[in-house]
Amino acid sequence: MQSKIVILGTGGTIAGIAARADDAIGYTAAQIGVAQLVAAVPHLAGFPIECEQVAQIDSKDMDHATWQRLARRCAHHLARDAVTGVVVTHGTDTLEETAYFLHRVLGSAKPLVLTAAMRPATSLEADGPQNLFDAVTLARSESVPGVSVVVAGRAWASAEVRKWHTCRLDAFDAGDAGPLALIEDGQVRVLRSLPVARNAIGLEAIDRNPDDWPRVEIVLNHVGASAALVDVLLAQRVAGLIAAGTGNGTLSAALEAGLRRAARSGVRVLRASRCADGPVLGGDDVELVGAGVLSAVQARVELLLQLLAAMRAGNT
């Protein structure tokens, strides 16, 4: 019996429709079911594929409850002996956050490939069918284990990928790291490999009502940045803060003072950069801890999961 690929649908532009075929902007996302998306790719017809609709949303509206449900369904299918890998169709807007979330929660040794599209399914030149075919190709090859993202013929590592452009078909990049692999004419060319994640926090850490997950927010450094937003969030009992600093995570004097007050009050603070590429260097500040190579939104996911793990360990 051939090994099976499971495709989980969550909506997004890849499942979107527009009134006109030449409209790549004024569309409605998350309108076509995942089984219909698969049926629109004739080259997938001969593969053993199983489809499941986990959600049907625009990824700008992705939420913790959907993350929890998606992680559980991914884990269920990845644990099946008959399944070689799992593909997730997703919107592009929050794709890097979902990819990092699944990477840190599951740490799968099997391929878990997220894919998306920049044009709706009704477009004159929709990119979704090719991206879906490429994602299935990568998952079937088993050459890139763990969580990855496939868009425009390139596979990206979940901890490195960024959406760097608003409308180009090749809207994703990984900065200095580059892609993991290229998918060319149905073949996978591996460029580099990464070890399978060994420090996944596990499903148990997220096994609580998402309404009770700790609140983690992002504040941005800019000209004239103050601590006003930090003070508001402290009053609302925020659990964690990500500071998207300028350059190497630098902060205005006023914002830094506010964030240090927050840290001393028990709020966890991570310091990332608003730059598209490059790490935050210098990790000796115990109050404003550097986020390394993580983007601000990925750092938010990391801190959220750390707080959830701590809550489980403390049975709170």
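Above: the structure in question.
Residues numbered from 1 in each chain as written. Predicted model: local features only at pLDDT ≥ 70, side-chain atom pairs only at ≥ 80, totals over all residues. Heavy atoms only, no water.

Caption draft 1: Geometry of the overall build of the protein chain. Of regular secondary structure, the protein chain possesses seven helices and 14 strands. At 20 Å, the protein chain has a C-alpha radius of gyration in line with the 20 Å of a compact globule built from 316 residues. Judged by the C-alpha coordinates and their principal axes, the protein chain covers about 60 × 45 × 35 Å. Of all 316 residues assigned to the protein chain, the portion counted as buried reaches 52%. Considering only intrachain contacts with a sequence separation of at least 6, the fraction spanning at least 24 residues in the protein chain is 72%. Accessible area of the protein chain: about 14,100 Å², with a carbon and sulfur share of 51%. Of the charged side chains in the protein chain, 29 are positive and 33 negative; the average position of the first set lies 4 Å away from that of the second. (Helix = DSSP H or I, 4+ residues; strand = E, 2+ residues; numbered from the N terminus. Rg over C-alpha atoms; globule rule 2.2 N^0.38 Å. Buried < 20%, exposed > 50% of the residue type's maximum accessible area, 1.4 Å probe, protein only. Contact = heavy atoms within 4.5 Å. Areas by Shrake-Rupley, 256 points an atom, 1.4 Å probe, with all protein chains shown as cover. Lys, Arg positive; Asp, Glu negative; His and termini not counted. Charge placed at Lys NZ, Arg CZ, Asp CG, Glu CD.)

Caption draft 2: Representation of the packing of helix α3 (residues 95–106) against helix α7 (residues 296–313) within the structure. In contact at an axis separation of 9 Å, α3 and α7 are set at 35° when each is read in the N-to-C sense. Regarding α3 and α7, the two cross each other, and that crossing is right-handed. In this structure, α3 uses Glu96, Glu97, Tyr100, Phe101, Arg104 and Val105 to contact α7, whose residues at the interface are Val297, Gln298, Val301, Glu302 and Leu305. Split into classes, the residues belonging to the contact of α3 with α7 amount to six nonpolar, one polar and four charged. (Axes fitted to C-alpha atoms, helices over the stretch in contact; angles between N-to-C directions. Left-handed = near helix turned anticlockwise from the far one by under 90°. Nonpolar A, V, L, I, M, F, W, Y, C, P; charged D, E, K, R; others polar.)

Caption draft 3: Spatial organisation of the sheet that holds strand β12 (residues 240–245). Strand order in the open sheet formed by four strands is β11-β12-β13-β14, and the pairing between neighbours is parallel. Because the sheet does not close on itself, it has two edges, and the strands there are β11 (216–220) and β14 (289–290). Of the pairings in the sheet, the one linking β12 to strand β13 (residues 268–273) comprises six bridges and is parallel in character. From the neighbouring strand, Gly245 faces β13, where its bridge partner is Ser273. (Pairing = 2+ DSSP bridges.)

Caption draft 4: Structural detail: the packing of helix α5 (residues 228–235) against helix α6 (residues 253–264). Where α5 meets α6, the closest approach of the two axes is 8 Å, and the angle between their N-to-C directions is 20°. Classified by the angle between their axes, α5 and α6 sit roughly parallel to one another. The interaxial crossing formed by α5 with α6 has left-handed handedness. Contacts between α5 and α6 involve Val230, Asp231 and Leu234 from the first element and Leu255, Gly258, Leu259, Arg261 and Ala262 from the second. Of the residues in the contact of α5 with α6, the class split is five nonpolar, one polar and two charged. (Parallel < 35°, antiparallel > 145°, perpendicular 65-115°, else oblique.)

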